[in-house]
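Structural characterization, general
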Amino acid sequence: MFARSIIRLPTTLSRGFATHTGPLSALPAALHLKTGQSFNGRSFGSPKSVFGETVFSTSITSYTESMTDPSYRGQILVFTTPLIGNYGIPSNSAPIDSQDVGVVLESQGIQCSAIVVADVAEKFSHHSAVESLASWCRRSDIPAITGVDTRAITRLLRDQGTTLGRLAIGADASAPAPASEQYWDPSIENLVDQVSTKYPYQLNPTGDIKIAVLDFGAKANILRSLVRRNAAVTVLPWNYDFNSIRDKFDGLFLTNGPGNPGQCMEAVSILRKTLQEWNKPVFGICMGHQIIGMAAGLEAYRMTFGNRGHNQPVLALASSGSIKAGRVYVTSQNHQYALKLSDPFPQGWEPFFINCNDSSVEGIKSTPESGKRVWGVQFHPESAGGPLDTIEMFTDFLDECRVHQAENVKTPVGTTINAASFMMEQPARVQVTA
């Protein structure tokens, strides 16, 4: 009887659990691919047309985190999950303290150029939601299309690879598709320089371990994962001369970032000198992993369609800290480039992880014989969103830094590093990314 009374809620009450997004735009929209295919739907975002690199993500949740991930800079993001927007958008403001870094999502705003969904939710429901996906896109000047067959688009992208595209809105949607030479290729630009911080800044300055972070387009949850483990974090521009200040720190972290790692050879050169002369722990994720590999002598290459989603299985080939050789870990990923698996591997280095689906290199590490403490992983241990199988890699890294700190105490615990020593002006407000 009780169950029946719960099930038979009045219609007016049940409708109150969700908020209507309001009327969606009546503007037509079209996604044109450089390979000649076009998909027609309707707009629900900004009424402007954009070019970009068309990619797909298989993630089922966390569309808000994906859209604010700086690694999606310059890309038209296709969601394979049919319904997007059903839990709305939260307020993107958080404290800056020992537990958080100023934002709830992965940066201060939407980073992708546009989004493509099969069915945008016309109602949203979540205790922290403050607006709809459509409202957020319009307010952020991001175009979006719904009512298209994202399954067909995804199959095309899997078969022919990541493809340049244009999302045309309004009158542009009925115009002929652009000529081949009109499509813009974001890989020819240094996207990292667009999203990296322009000034050094500090987070949790009273932490017990001093970590420098080279920002190639850092996701906020990377920084959050460090400060919540009591690291005093100093975030530096991607091409900062770390070697001039390296002795101030107990470890170096290289973040994720968008685009072609070949555009970041300045950072590769700086890191190569660091690895040759510095014996403190170094850890890199995604773009940071590729920069470590290139500094070690490996080559990076462009994958056919990359790996973007929350369900990528990787096999550990070696044990290190919480990672056990022979175990498969499910990971969150977002990348177009990867390191080539070479035989033999550069001296002093060994493969750490390999992708169970496509056998691409998912991680490298320094060998015990090298005397170095360096790790790089292509996936995102911090996820946001996605599985947390490998989250303890942050703990492993900081534990190694603390061991090294105890062996070579130079900077007293509790002291802070004066940002003025970097000879650069620090902004009044902390910025997670540009």
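Residues numbered from 1 in each chain as written. Predicted model: local features only at pLDDT ≥ 70, side-chain atom pairs only at ≥ 80, totals over all residues. Heavy atoms only, no water.

It is worth spelling out the sheet that holds strand β18 (residues 282–285) at this point. The strand order across the open sheet formed by ten strands is β14-β16-β15-β17-β18-β23-β22-β21-β19-β20, and the pairing between neighbours is mixed. The open sheet terminates on both sides in strands that have one partner only, identified here as β14 (201–203) and β20 (328–339). Here the strands of the sheet are splayed against their neighbours by 25° on average, with no regard to which way each runs. Across seven bridges, the pairing between strand β15 (residues 209–215) and strand β16 (residues 231–237) is parallel. Bridge pairing in β16 links D215 to P237. Packed on one face of the sheet, helix α11 (residues 393–407) meets β15, β16, β17 (251–254), β18, β21 (349–355) and β23 (374–377) and runs near 125° to β15. (Pairing = 2+ DSSP bridges. Helix = DSSP H or I, 4+ residues; strand = E, 2+ residues; numbered from the N terminus. Axes fitted to C-alpha atoms, helices over the stretch in contact; angles between N-to-C directions. Contact = heavy atoms within 4.5 Å.)

With their axes 10 Å apart at the nearest point, helix α8 (residues 220–227) and α11 run at an angle of 50° to one another. Relative to α11, the element α8 is oriented oblique. Of the two possible hands of crossing, α8 and α11 adopt the one that is right-handed. Together, I222, S225 and L226 of α8 and F394, F397 and L398 of α11 make up the contact between the two elements. Looking at the contact of α8 with α11 residue by residue, the classes come out as five nonpolar, one polar and no charged. (Parallel < 35°, antiparallel > 145°, perpendicular 65-115°, else oblique. Left-handed = near helix turned anticlockwise from the far one by under 90°. Nonpolar A, V, L, I, M, F, W, Y, C, P; charged D, E, K, R; others polar.)

Let us now look at the side chain of T197. Note on placement: T197 falls in the loop between α7 (191–195) and β14. Engagement of the side chain of T197 in a polar contact is seen with the backbone oxygen of Y199, the distance being 2.7 Å. Leaving out residues up to four positions away in the same chain, T197 has contacts with D215, V235, L236 and P237. (Polar contact = N/O pair within 3.5 Å; in protein donor to acceptor, adjacent residues only side chain to side chain.)

In contact at an axis separation of 8 Å, helix α9 (residues 265–277) and helix α10 (residues 287–296) are set at 65° when each is read in the N-to-C sense. Handedness of the crossing formed by α9 with α10: right-handed. Along its contact with α9, which presents M265, A267, V268, L271, R272 and L275, the element α10 presents I291, I292, M294 and A295. Class assignment of the residues belonging to the contact of α9 with α10 gives a composition of nine nonpolar, no polar and one charged.

This brings us to the nonpolar core. One finds I211, L226, V233, F253, F353 and F397 to be the most contacted residues of the largest nonpolar core, which totals 35 residues. Apart from residues no more than four positions distant in its own chain, V233 is found in contact with Y201, Q202, L203, N204, I211, V213, L223, L226 and V227. (Core = buried A, V, L, I, M, F, W, Y, C linked by side-chain atoms within 4.5 Å. Buried < 20%, exposed > 50% of the residue type's maximum accessible area, 1.4 Å probe, protein only.)

One can find S132 in the loop between β11 (129–131) and α4 (133–139). We classify S132 as buried; its relative accessible area is 3%. In contact with S132, not counting residues within four places along its chain, are T21, I89 and F124.

Moving on, we come to α11. The end-to-end C-alpha separation of α11 is 21 Å, in line with the 21 Å expected for 15 residues at 1.5 Å each. If you check which residues of α11 are buried, you get M393, F394, D396, F397, L398, C401, H404 and Q405. (Expected span 1.5 Å × (residues − 1).)

This part takes up the packing of aromatic side chains. One pass over the full model with this rule turns up 13 aromatic pairs. Taking 5.3 Å as the distance between ring centres and 80° as the angle between the ring planes, the aromatic pair formed by F253 and F283 counts as edge-to-face. Placement of F253 in strand β17 and of F283 in strand β18 is noted, with a sequence separation of 30 residues between them. Of the residues examined, F253 reaches a relative accessible area of 0% and is grouped as buried. Judged by its relative accessible area of 1%, F283 is buried. Pairwise contacts between aromatic rings join F253, F283, F394 and F397 into one cluster. (Phe/Tyr/Trp six-rings, centres within 6.5 Å; stacked < 30°, edge-to-face > 60°.)

Here we come to unusual backbone geometry. Cis geometry is adopted by the peptide bond preceding P344, which originates at D343 and carries an omega value of 5°. Within the element layout of this structure, P344 appears in the loop between β20 and β21. Cis geometry marks the peptide bond from A384 to G385; its omega dihedral reads -5°. Locating G385 in the fold gives a position in the loop between β23 and α11. Its identity as a non-glycine residue notwithstanding, A384 has a phi of 65°, on the positive side. Mapped onto the elements of the fold, A384 is located in the loop between β23 and α11.

One pass over the full model with this rule turns up 18 salt bridges. Note that K219 is salt-bridged to E382, the shortest N-O span being 3.2 Å. Of the two residues, K219 is situated in the loop between β15 and α8 and E382 in the loop between β23 and α11; the sequence distance between them amounts to 163 residues. As far as the burial class goes, K219 and E382 line up, both buried. (Salt bridge = Lys/Arg side-chain N within 4 Å of Asp/Glu carboxyl O.)

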